[in-house]
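Residues per chain, in single letters:
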Amino acid sequence: MNNNDITKVLDILDKFEFFGGQRAGRELWFGKPVDVQNKDIADFVRDVTFLKDFIADLEAKNKICAEVIARQDNEIINLSKSVDNYESCLKSVEVIRVNAIKEFAEELKGELTTGAGTMRGSVLNIIDSLVKEMTEEHNAEENSI
């Protein structure tokens, strides 16, 4: 189907309207010799066949478009499910990361409790502030997204 086909369809419909739908067109046609009328009838059958083929082509293309749209809809649905799964995985990874940091800090503190004095207290405070900074920094980044 192209612009020429569409122009041809419109011309055929105009011809049908004039010769089949208006008295002047019918009277003009009946005044023609029989051999010219026979050629007009053959042309009419050819034009009807062209219109049927044109409509069948449109129906086939419409069916293809509907199938493509259905596939794209399914792909969008699957993609949105993947995005949901991806976001869920990211949240799980973040929980695991935060827990690993806290667990590491607790184990390190446990090792340091065997030491003595102010240095131990300073190191524990540093570890606590690092844990807080690392976990809060990531949460702030996540909330800004």
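Up top is the structure these notes are about.
Residue indices follow the written sequence of each chain, beginning from 1 at its first position. Reporting in this predicted model follows two pLDDT cut-offs: at least 70 for local features of residues, and 80 or more for side-chain atom pairs to be given and counted; totals over whole chains, interfaces and linings ignore these cut-offs and use all residues. Side-chain measures were taken over the full set of non-hydrogen atoms in the model, leaving aside hydrogen atoms and water.

A. Geometry of the nonpolar core. Residues Val9, Ile12, Phe50, Leu51 and Phe54 constitute the largest nonpolar core, which totals five residues. Elements are defined by DSSP. Helices are runs of H or I of four residues or more, strands are runs of E of two residues or more, and each kind is numbered from the N terminus. Residue assignment for this core shows that the elements contributing at least two residues are helix H1 (3-21) and helix H3 (34-112). Take this core: its biggest share by element is three residues, from H3. In what follows, a contact means two residues having at least one pair of non-hydrogen atoms within 4.5 Å. In contact with Ile12, other than residues within four places in its own chain, are Asp47, Phe50 and Leu51. Among buried residues, those of type Ala, Val, Leu, Ile, Met, Phe, Trp, Tyr and Cys that are joined through side-chain atoms within 4.5 Å constitute a nonpolar core. Accessibility here uses a 1.4 Å probe with only protein chains present; expressed as a share of the type maximum, an area under 20% marks a residue as buried, one over 50% as exposed, and anything in between as partly exposed.

B. The pattern of salt bridges, seen in detail. Salt bridges are defined by distance alone: a side-chain nitrogen of Lys or Arg within 4 Å of a carboxyl oxygen of Asp or Glu. Applying the stated criterion across every chain yields a total of seven salt bridges. Across the pair Asp43 and Arg46 runs a salt bridge, and its minimum N-O distance is 3.2 Å. Separated by three residues within a single helix, Asp43 and Arg46 lie in helix H3, roughly one turn from each other. Relative accessible area serves as the criterion here: at 18%, Asp43 is assigned to the buried category. Each of Lys15, Lys39, Asp43, Arg46 and Asp47 takes part in salt bridges that share partners, so that together they form one network.

C. Region of the structure containing the layout of surface pockets. With a 1 Å grid spanning the protein atoms alone, the term cavity applies to any set of points in which a 1.4 Å probe fits but cannot get out, the term pocket to an open set with protein on both sides within 12 Å along at least five of seven lines, and the term lining residue to any residue with an atom within 4 Å of a point. Grid points are joined across faces, edges and corners, and a volume is the space filled by probe spheres set on the points. Of the volumes computed, that of the largest pocket is approximately 350 Å³. For the largest pocket, the lining is made up of 13 residues, of which Lys15, Phe19, Trp29, Asp40 and Phe44 are closest to its centre. Listed by contribution, the elements that provide at least two residues to the lining of the largest pocket are H1, helix H2 (23-30) and H3. Take the lining of the largest pocket: its biggest share by element is five residues, from H3. Residues belonging to the lining of the largest pocket are distributed by class as follows: six nonpolar, one polar and six charged. Side-chain classes follow a simple rule in which Ala, Val, Leu, Ile, Met, Phe, Trp, Tyr, Cys and Pro form the nonpolar group, Asp, Glu, Lys and Arg form the charged group, and the remainder, Gly included, forms the polar group.

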